[in-house]
Amino acid sequence: MSNVNNTPIRSGRSARRFGTTGAALVGAALVLAACGGSDTPAAEPVAETVPATEAPAAAEPAAIAAPAATIGETDLGEVLVGERGLTLYGFTNDVDAESVCYGACADAWPPLIVDADWSVAPGLDEGIFNAVVRDDGQLQLVAGKWPLYYFAGDATAGDINGQTSGDVWFVVGTDGVLIEDAAGAEPAEEAAEAEEAAEEPAAEEALAVATAETDLGSVLVDVDGLTLYGFTEDVDGNPTCNEACADAWPPYLVEDGAVPAGLDESVFSVVTRDDGSSQLAAGVWPLYYFAGDAAAGDINGQGSGDVWFAVTAEGGLVMEAQAAAAASVTTGDTDLGSVLVDADGLTLYGFTEDVDGNPTCNEACADAWPPYVVEDGAVPAGLDESVFSVVTRDDGSSQLKAGAWPLYYFAGDAAAGETNGQGSGDVWFVVTPEGGLIKEVASDDGSSQLAAGVWPLYYFAGDAAAGDINGQGSGDVWFAVTAEGGLVMEAQA
């Protein structure tokens, strides 16, 4: 059922103003390293498509895989959603239904990967869906013209934090058409809102900046309490974070090119960005949000890449490392079991591309997956040095390891216990207290099976009680699994 529409794809409308609502992008990242802007390579001709398989004839009851896409409610109305009700997006640079979002882009905008026997929920027109083969051989679901993606900055069902990002990312409607209206209001509603806004005092229209207490002390925040950051690469106050960088670190824009009313002009000023928009600055630092901050007081971007820092009320940078980064690692209970978390309960991950324990996630990757950095190059006090160690990153900073795995956060995790990064790209996995990785693998029937290390996990029908190991060594191919994800190859006593 290949039905890719070959009509020209519309470009996005005007970019969204990042202000009082929707600025919290999780995630992500957040982000997260995102993908957007005009530098995305032009796509090749129409991608190979794979139709949905026909439904098999009724047979004995069997486990049915969850539909890949369903209908969800958001502030934009009914939209397509995927696993856990997370919103699905289309990318206007994906010409002729061929995905061009890979690498760091796909970390911030994970593609919706499906099996060959994918299905969609009742109520959706199956005829508008198909699947295309990505460069890595995986199948990505398509609705209408648009390959579908999640956004690392969305943490819960109904979030639409990626909407209009870079003016190239848009939520996909249940009809397979992009929803390009940032407000999601009907024309009459928009007119009423505009009239109401015009009647409000001018001071209310300004994007006010205030100070708030965080774990770093008093820092600059917007009216929703979201932390504002400075970027040490912005030499002489010139903003240099654009395109994909600006998806992960959205600039704080002002509409009229003037310092908002009520702000001290000896501290605050306005600078012009490459795209002509006006960005607020404090001291010499243009101000940015972080896509991985989801709530007031979050400081998940602090110290990211050793170049992003919260900003003081006087316009300076808070260069001290985030308190959580220096705190001890502990264990936390999640849906995946007991895993390593930081002092705030945020999940820590390992990256299977870090061969021989050498960290390879840098630059844009490290925006979406910030490393767990230790300040003094030593294992934090109280941690078991038979499990934990420290490795030096390319920038000279020290990253904590558990077992063979350098530890990272995921920008898309906003609260303690979240494991939104689990299985991302089939290379990111949560870490056990013993320093192993917890993996889930797909079975032939489409179900997900838990794995430890490289080993999918099984029960043995001959074990009747806790502690039984009757399956050990069976056929010389079945062995119990250690906490580190290895096999106990010794013969059963």
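Residues numbered from 1 in each chain as written. Predicted model: local features only at pLDDT ≥ 70, side-chain atom pairs only at ≥ 80, totals over all residues. Heavy atoms only, no water.

**Re the state of the cysteines**
Then comes step 1: Under the counting rule described, the total for this entry stands at three disulfides.
Then comes step 2: Each sulfur of the disulfide joining Cys241 and Cys245 lies 1.9 Å from the other. Handedness of the Cys241-Cys245 disulfide follows from its S-S torsion of about -105°: it is left-handed.
Then comes step 3: For Cys245, a relative accessible area of 22% gives the class partly exposed. (Disulfide = S-S within 2.5 Å. Buried < 20%, exposed > 50% of the residue type's maximum accessible area, 1.4 Å probe, protein only.)

**With respect to the packing of aromatic side chains**
Then comes step 1: All chains considered together, the criterion is met by 22 aromatic pairs.
Then comes step 2: Summarising the aromatic geometry, the rings of Tyr252 and Tyr289 are spaced 5.8 Å apart at their centres and angled 20° between planes, so their arrangement reads as stacked. Placement of Tyr252 in the loop between α4 (244-248) and β14 (253-254) and of Tyr289 in the loop between β17 (285-286) and β18 (308-310) is noted, with a sequence separation of 37 residues between them. For the residue pair Tyr252 and Tyr289, the accessibility class agrees, reading buried in each case.
Then comes step 3: When the ring of Tyr408 is compared with that of Trp428, the centres are 5.0 Å apart and the planes differ by 90°; the resulting orientation is edge-to-face. Here the residue Tyr408 occupies a position in the loop between β25 (405-406) and β26 (428-431), and Trp428 occupies one in strand β26, the gap between them amounting to 20 residues.
Then comes step 4: Joined through ring pairs, the aromatic side chains of Tyr89, Phe91, Trp109, Tyr149, Phe151 and Trp169 make up one cluster. (Phe/Tyr/Trp six-rings, centres within 6.5 Å; stacked < 30°, edge-to-face > 60°. Helix = DSSP H or I, 4+ residues; strand = E, 2+ residues; numbered from the N terminus.)

**A closer look at the nonpolar core**
Then comes step 1: If you look at the biggest cluster of nonpolar residues, it comprises 22 residues, and the most contacted ones within it are Leu80, Val114, Phe129, Leu141 and Leu148.
Then comes step 2: Secondary structure elements with two or more residues in this core: β6 (129-133), β7 (139-143) and β9 (169-172).
Then comes step 3: Among the elements that make up this core, the one with the highest residue count is β7 (three residues). (Core = buried A, V, L, I, M, F, W, Y, C linked by side-chain atoms within 4.5 Å.)

**Describing a negative patch on the surface**
Then comes step 1: Residues Asp306, Glu363, Glu375, Asp376, Asp394 and Asp395 make up a contiguous surface patch of negative charge.
Then comes step 2: Looking at where Asp376 falls in the secondary structure, it is placed in the loop between β22 (373-374) and β23 (388-392).
Then comes step 3: Given the relative accessible area of 64%, Asp376 is considered exposed. (Patch = residues over 30% accessible without salt bridge, like charges linked within 9 Å, V, L, I, M, F, W, Y side chains within 5 Å. Areas by Shrake-Rupley, 256 points an atom, 1.4 Å probe, with all protein chains shown as cover. Salt bridge = Lys/Arg side-chain N within 4 Å of Asp/Glu carboxyl O. Lys, Arg positive; Asp, Glu negative; His and termini not counted. Charge placed at Lys NZ, Arg CZ, Asp CG, Glu CD.)

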